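Below, each chain spelled out in residue letters.
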Amino acid sequence: APPELKRGDLNHKNKQCLDADIIWREQKLLMQSSHLEGPFYPRVVTLTTAYLSYAGTDGTSAIDNIWFREVVGVRHKYSSERDLKECFLQKHEFSKEFELASQLQLEPTDFIVVTMNKSYHKGRIFTFRVPSEDDLLVWVGSIVRLMRNQKELVNADQGDVYWIQDLRRSVKRYYVQDTSQVTVAVLIAVNFFINLMESELQPEKGSDLENLFGIFDWSLTIIFTLELCINMFATLVKEFVADGWNWFDTVVVLVSLVSLFSDNIPGMSVLRLLRAFRVFRLFKRIPSLKQVLVALNQSLPPMFNAFILVCLITSIYSIMAVTFFSNVAVRMPIAGPDLPPGPPANMSLTHPNCPKEWMYEYREDLFADFFTAMFSMFGVLTGDEWG
C-alpha cells in the first residue's frame, strides 16, 4: 500500500522521498475529460514525489503525467484567499492563471490543478472529483506539500524538458485516447474480414482479384507499421517493453513486411498466417473483450483443479476395472460387410428384437492395464463409444 504522506516526510534528510517515482497516494477518481468542460470519466490517479499521473481503470499504462514543476497551484471550493496564496506560486507571471482559477465554480468534492501557460500543458486546468470531503483535504494537502518541496528532489528530472520529450508526451496523449484506439480496432476488424474473404474466394494467381487483395495487404501493412512506430515513439522503452501485446504487434508487423518484400522465402506462406491472429489485438483495445479475456484467465486455475479431480476419480475407477475385468473378455457388437450396425450394449442374442445377422467380437484389451483402462474410461465419459 502507498505510504501515508505526513508533515515532515518531505524533509531533505529523508532519502526515500528523493525518489521521483515513490507513490504516496493512488485512488480511483473522476476526472474531467477536457479543459473546464466535458463529462467526468473514472481514472486511476497516482500521486508521486515529482508528478501526478492519471490512467484508465482497465490496468493500462499512465495516459499522462502532470509534473509539479509545471504546476502553478491547487484550489478547491472552500479555499480562502489565504489558502490560495499558500497553494499558488506568488509570481507576477502567473497572475492570469491565479485569476482564472479563483473565479471557477467548483463542486464540494472537486479540486483543480492549474498548470503554467508556458508549460507543456499550456495552462490547462485539470479538474478532479473525489468521493468525500476528507479525501479532498488529503489530496490537496499532499499536492501542496509536494509542490513546496520541489527544490528537495534530486531525481525528479527538474531540468528543462526538451522539445522531443514534449512531442512524445503529446503523441502518447493522443495515441491512448479512446478515439485513436477505436480507430485501430476498426482497422484490425477490417483486416480480419479481408483475410476471411481471401480464404473464401481463393483468387487465382495473377488475377485482378488477387491484385486487389494485394493492394489491401500493402495498405493495411503500411498503416499498422506506422501505428507501431507511433506506439514505439510514445512509449519506448519501459512501457513498450513491459506490454506483451507490443511484442506480439512487432512480430506480426515484421512478418508482414518480410512477406511483402521477400515472398519467395521457404515457409513464408505459413508465417503469413500470423496476420490472421492480429484480430487478438482487439482484446487489448476493447474493454468488454478484455474483461472476457481476463475472466477466462482467472478461470484457468479452478478449471485445472476440476480437471485434476476428474482425473483422480477416473483413475480410481480404472484401477477397479483392471482389478475386476483384466482377465474377462467383453463382448462388443460390430457390423460386418453390408450389415447394419451392431445392437446396443445391453441387448443380447436372446432378445426377441435382436436380428440374427448381427456379429460380435470379444475384446480382452479394454481393461488389460491401467492406461488402457484410462482410455476406455475416457470413452465412457465422453459417450463416444470409443470402447
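Whatever comes next refers back to the structure up there.
Residues numbered from 1 in each chain as written. Predicted model: local features only at pLDDT ≥ 70, side-chain atom pairs only at ≥ 80, totals over all residues. Heavy atoms only, no water.

**Q** Describe the overall build of the chain, naming the residues involved and giving the relevant values.
**A** Helix and strand counts for the chain stand at 12 helices and 9 strands. Taken across its 387 residues, the chain has 34% of its residues classed as buried. Considering only contacts within the chain whose residues lie at least 6 apart along the sequence, 57% involve residues at least 24 apart. As displayed, the chain has an accessible area near 24,100 Å², and 61% of this comes from carbon and sulfur atoms. (Helix = DSSP H or I, 4+ residues; strand = E, 2+ residues; numbered from the N terminus. Buried < 20%, exposed > 50% of the residue type's maximum accessible area, 1.4 Å probe, protein only. Contact = heavy atoms within 4.5 Å. Areas by Shrake-Rupley, 256 points an atom, 1.4 Å probe, with all protein chains shown as cover.)

**Q** Describe the pairing of strand β1 (residues 23-34), with residues and values.
**A** Note: β1 against strand β2 (residues 37-48), 10 bridges, orientation antiparallel. Each bridged residue has a counterpart across the sheet, and for I23 the counterpart in β2 is T48. In textbook terms, the turn of a hairpin is the stretch between consecutive antiparallel strands, and for β1 and β2 this stretch comprises 2 residues, one of which, L36, has a positive phi near 65°. (Pairing = 2+ DSSP bridges.)

**Q** Can you explain the environment of N117? Please cite residues and give values.
**A** Here N117 lies in the loop between β6 (110-115) and β7 (125-129). Here N117 falls in the partly exposed class, since its relative accessible area comes to 41%. Distance from N117 to E70, taken between C-alpha atoms, is 9.0 Å for residues 47 residues apart in sequence. The contacts of N117, once residues within four sequence positions are left out, are K96, E97, K122 and G123.

**Q** So what about helix α5 (residues 178-201)? Which residues, and what values?
**A** Between its terminal C-alpha atoms α5 stretches 35 Å, which fits the 34 Å expected from 24 residues at 1.5 Å a residue. If you check which residues of α5 are buried, you get Q181, V184, A185, I188, N191, I194 and N195. Buried residues in α5 make contact with α4 (163-175), α6 (208-235) and α10 (282-285). (Expected span 1.5 Å × (residues − 1).)

**Q** I'd like a rundown of the pairing of β6, residues and numbers included.
**A** Burial runs high along β6: 6 of the 6 residues are buried. Burial of the side chains of β6 extends over both faces: D110, I112 and V114 are buried on one face and F111, V113 and T115 on the other.

**Q** Describe in detail the environment of C229, supporting the description with residues and values.
**A** Residue placement: C229 occurs in helix α6. C-alpha of C229 to C-alpha of T250: the two residues are 21 residues apart in sequence and 9.6 Å apart in space.

**Q** Give a description of the pattern of salt bridges that names residues and reports values.
**A** All told, the structure shown has 4 salt bridges when counted by the stated rule. Residues R129 and D110 are paired through a salt bridge, measuring 2.7 Å at the closest nitrogen-oxygen approach. Here R129 is found in strand β7, whereas its partner D110 is found in strand β6, with 19 residues between them in sequence. In this structure R129 comes out as partly exposed when scored by relative accessible area, which is 25%. (Salt bridge = Lys/Arg side-chain N within 4 Å of Asp/Glu carboxyl O.)

**Q** Go over the packing of α5 against α6 with me, naming the residues and quoting the values.
**A** At a closest axis distance of 11 Å, the pairing of α5 and α6 adopts a crossing angle of 155°. Taken together, the axis directions place α5 and α6 in an arrangement best described as roughly antiparallel. α6 is crossed by α5, and the crossing has left-handed handedness. Listed contacts from α6 to V184, L187, I188, N191, I194, M197, E198 and L201 of α5 are L209, F213, F216, L220, I223, F224 and E227. (Axes fitted to C-alpha atoms, helices over the stretch in contact; angles between N-to-C directions. Parallel < 35°, antiparallel > 145°, perpendicular 65-115°, else oblique. Left-handed = near helix turned anticlockwise from the far one by under 90°.)

**Q** How would you sum up the packing of α4 against α6? Please name residues and give values.
**A** Where α4 meets α6, the axes come as close as 8 Å, and the angle between the chain directions of the two elements is 125°. On the basis of their axis angle, the class for α4 and α6 is oblique. Between α4 and α6 lies a crossing whose hand is left-handed. In contact with I164, L167, R168, V171, K172 and Y175 of α4, α6 contributes E227, I230, N231, F233, A234 and T235. Split by residue class, the contact of α4 with α6 holds 7 nonpolar, 2 polar and 3 charged. (Nonpolar A, V, L, I, M, F, W, Y, C, P; charged D, E, K, R; others polar.)

**Q** How would you explain the layout of surface pockets if you had to name every residue and give the values?
**A** Empty space within the second largest pocket amounts to approximately 780 Å³. What lines the second largest pocket is a set of 28 residues, among which E198, F213, D217, R272 and R275 lie closest to the centre. Put simply, the parts of the chain that give the lining of the second largest pocket at least two residues each are α5, α6 and α8 (244-261). It is α6 that contributes the most residues to the lining of the second largest pocket, 9 residues altogether. Of the residues belonging to the lining of the second largest pocket, the class tally is 12 nonpolar, 7 polar and 9 charged. (1 Å grid on protein atoms, 1.4 Å probe; cavity = no way out; pocket = protein on both sides within 12 Å on 5 of 7 lines; lining within 4 Å. Points joined across faces, edges and corners; volume = space filled by probe spheres on them.)

**Q** I'd like a description of α8, backed by residues and values.
**A** When the terminal C-alpha atoms of α8 are compared, their 27 Å separation across 18 residues agrees well with the 26 Å that a helix rising 1.5 Å per residue should span. Among the residues of α8, N246, D249, V252, V253, V255, S256, S259 and L260 are the ones counted as buried. Residues of α8 that are buried sit in contact with α6, α7 (238-242), α9 (268-271) and α10. By the N-cap criterion, in which a side-chain oxygen at the helix start approaches the backbone nitrogen of a residue two or three places on, α8 is capped by D243, the distance to W245 being 3.1 Å. (Polar contact = N/O pair within 3.5 Å; in protein donor to acceptor, adjacent residues only side chain to side chain.)

**Q** Got a sec to walk through the side chain of N195? Specific residues and values, please.
**A** Within the element layout of this structure, N195 appears in helix α5. For N195, a relative accessible area of 15% corresponds to the buried category. For N195, the residues in contact, after removing those within four places along its chain, are R275 and A276.

**Q** So what's going on with the sheet that holds β6? Which residues, and what values?
**A** Across the sheet, which stays open at both edges, the 7 strands sit in the order β4-β3-β2-β1-β7-β6-β5 with antiparallel pairing between neighbours. In the strand order of this sheet, the two ends are held by β4 (62-67) and β5 (71-76), each with one partner. Here the average twist between neighbouring strands, direction ignored, is 30°. Two elements, β2 and strand β3 (residues 51-55), share 4 bridges in a ladder whose sense is antiparallel. Residue V45 lies in a different strand from β3, and its bridge partner there is Y54. Each of β1, β2, β3, β5 and β6 is contacted by helix α3 (residues 133-148), which is oriented at about 160° to β5, the strand it contacts most. Contacts from α4 reach β3 and β4 within the one sheet, and its direction differs from that of β4 by about 140°.

Everything listed here is a matter of geometry and, on its own, says nothing about what the molecule does.
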